[in-house]
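So you can see what is in the structure, the chains are spelled out below.
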Amino acid sequence: MPSALSDRLWRVEMSKSLKGFLSLITNAVRDLAPIVMVIAFFQIVILQQPFPNLGNVIVGLIFVVLGLALFIQGLEMGLFPIGENMADALARKGSLTALMGFSFLLGFGTTVAEPALIAVAAEAADVASVAGAIDDNPAARSDYAFGLRMTVALSVGIALIIGVFRILKGWPVHYLIIGGYIMVVVMTFFAPEEIIGIAYDSGGVTTSTITVPLVTALGVGLASAIRGRNPMVDGFGLIAFASLTPMIFVMMYGMVY
Amino acid sequence: MDTLTHILATGLRTILDVLPIVVILLGFQVLVIRRMPPHPKRMAIGFLYVLIGLTLFLVGLEQALFPIGETMASQLTAPAFIGTPAEGGAVSVNWRDYVWVYVFAFTIGLSTTVAEPSLIAVALKAQEISGGALNAFALRMAVALGVAVGVAIGAYRIVSGFPLPYFILVGYVIVILQTLWSSRSIIPLAYDSGGVTTSTVTVPVVAALGLGLASTIPDRSPLIDGFGLIAFASVFPIISVLGYAKIAEILQNRRTARTRQEAYQHEQSLDKGNVS
């Protein structure tokens, strides 16, 4: 990102910050209105029950609106520039090892501590013990859950390596993704039945709210920094890899364990 | 007071969650890049905003919406609401009894996706990069529609008991066919939109719906059949975004064709005027 431009944006932003924040609040209200309407409709019309703790709900909604507005503001100021700057600096440095190391660690590091993944891994361990794949005791279950978490984190790290390599090479994303789909389908025939639902879901839970903007900015930043790459065609696609490889790796884990 | 401790606890959890990211970013900045980024202060403030914003967002959702949404999911799937006799034996499940469940699945998938912060992020980036050719709001609507259809079909699958892989396989085949037919600039974004839809807002309510359905319908195991809704919510947005791009492209082409035709007719009438 050229600094003159971002410098000007920064000043404009400061002078308009209050007005800008108000419009962020309005947008947040607009984004949240559908959920509130859906829940109110089902609660009052279909289930015909009163709203429990209406005061609590209203305070909570104010938090949600403020939080969403702050998040979007911070996204433009912090997360996007951070991701793009890292991508730009690493591309300039020209060290493939550093870039790949960064991509792997970003994928691995953001996934391994992901609360949604920890929850899913614990449930998967329960499934495995019920199905008789592992012993029915807490130690075996926590071993299994830990192994699964490591597997998924590893798979997201590898996904980012493949995805970044694709950006460098300018390969079309769909050949790799369709190849991945075929692997998922083939492995579905061999994987134990009880792991399949978890494996399919694990693709969706790995990409958290902070990871997505950072990874998107990394891809777009790289595609902008490398000559001959188009940010629209080459910059996106990292998230797609990060939600595909966990399916393959989790089924593999189910087969090997 | 209770809310305050809740905020602090959630804030701490968010910080722990992003700690690995911060360590990696700082580590590479200091050890590998060794150069100050422009506006480090502004970036730090932005990161702080993200942390505070996400914390407030989660606290608010947990206080205002998740409890009701989750109770609702289990109430709508309860035998008492569906009207099937709960007492054991051979109870046949009629998928038509679950109409309100599908309506709930559709509307909750749609509305939670519209509020999903990571989708907002990707849509804003796509709008910026495409120079405004791609409208962020329209993209989000396309994704939300995909999630809504996906979750509704996923709910039907749990009720009907068909195996999950068949549905996903059909979804993949549709995606592949659409890909062959789509312009190269939309494909990566469409594939990405499958992964970004399911995070903070959508997963808890949708997972509760799946578990509620699987535990109240006879012969379904919550452990095996309860999963899979998220998978639907990650395949169908790809289909809807590719479809949306195709429709936008066709409309655009028709519009250009029409203006070209009008220009041609105009030219011809001018030519005729010159001849006579």
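From a predicted model like this one, the values you see are computed outputs, not experimental measurements.

## So, the interface of chain A and chain B
How big an interface is tends to be stated in terms of the accessible area lost upon association of its parts. Across the contact, 99 residues belong to chain A and 92 residues belong to chain B. Our count for the contact surface shared by chain A and chain B stands at two salt bridges. Measuring nitrogen to oxygen at the nearest pair gives 2.7 Å for the salt bridge that ties B:Arg140 to A:Asp31. On inspection of chain A and its partner chain B, the count reaches 11 residue pairs in polar contact (both at pLDDT 80 or more). Counting residues per element, the side of chain A that touches chain B draws most heavily on helix 3 (residues 54-93) of chain A, which supplies 30 residues.

## Focus on the nonpolar core
Counting residues in hydrophobic clusters, the biggest one holds 160 residues, and the most contacted among them are A:Phe102, A:Tyr200, B:Leu189 and B:Tyr191. A total of 15 residues in this core trace back to one element, the largest contributor, which is helix 3 of chain A. Here this core spans two domains, since at least three of its residues come from each of domain 1 (1-76) and domain 2 (97-275) of chain B.

## A few points about the confidence of the model for chain B
Residue and element names in this part refer to chain B. Per-chain confidence: chain B averages 84 in pLDDT, with 93% of residues scoring 70 or above. At the low end of the mean pLDDT range in chain B sits helix 11 (residues 222-225), at 71; at the high end sits helix 7 (residues 136-160), at 93. pLDDT under 50 marks residues 85-90. Its contacts with residues more than four places away, or in other chains, come to two contacts. Quick note on the complex model: pTM equals 0.86, ipTM equals 0.85.

## A look at the packing of aromatic side chains
In the structure shown here, the tally under the stated rule is 14 aromatic pairs over all chains. Ring geometry for A:Phe102 against B:Phe28: centres 5.0 Å apart, planes inclined by 70°, an arrangement best described as edge-to-face. A residue pair is termed interchain when its members come from two chains, as with A:Phe102 in helix 4 (residues 96-112) and B:Phe28 in helix 1 (residues 2-33). Ring centres 6.2 Å apart and planes at 20° place the aromatic pair B:Phe232 and B:Phe236 in the stacked group. Placement of the pair is B:Phe232 and B:Phe236 together in helix 12 (residues 229-275), with a separation of four residues, close to one helical turn. For the pair B:Phe232 and B:Phe236, a shared accessibility class is recorded, and that class is buried. It is B:Lys125 that lies over the ring of A:Phe80; its NZ or CZ is 4.3 Å from the centre. Positioned above the aromatic ring of B:Trp181 is the side chain of B:Lys246, whose terminal nitrogen or guanidinium carbon lies 4.7 Å from the ring centre.

The rules we used
Residues numbered from 1 in each chain as written. Chains lettered and ligands numbered in written order. Predicted model: local features only at pLDDT ≥ 70, side-chain atom pairs only at ≥ 80, totals over all residues. Heavy atoms only, no water. Contact = heavy atoms within 4.5 Å. Salt bridge = Lys/Arg side-chain N within 4 Å of Asp/Glu carboxyl O. Polar contact = N/O pair within 3.5 Å; in protein donor to acceptor, adjacent residues only side chain to side chain. Helix = DSSP H or I, 4+ residues; strand = E, 2+ residues; numbered from the N terminus. Core = buried A, V, L, I, M, F, W, Y, C linked by side-chain atoms within 4.5 Å. Buried < 20%, exposed > 50% of the residue type's maximum accessible area, 1.4 Å probe, protein only. Domains from an automatic or database assignment. pLDDT = per-residue confidence, 0-100. Phe/Tyr/Trp six-rings, centres within 6.5 Å; stacked < 30°, edge-to-face > 60°. Lys NZ or Arg CZ within 6 Å of the ring centre and 35° of its normal.

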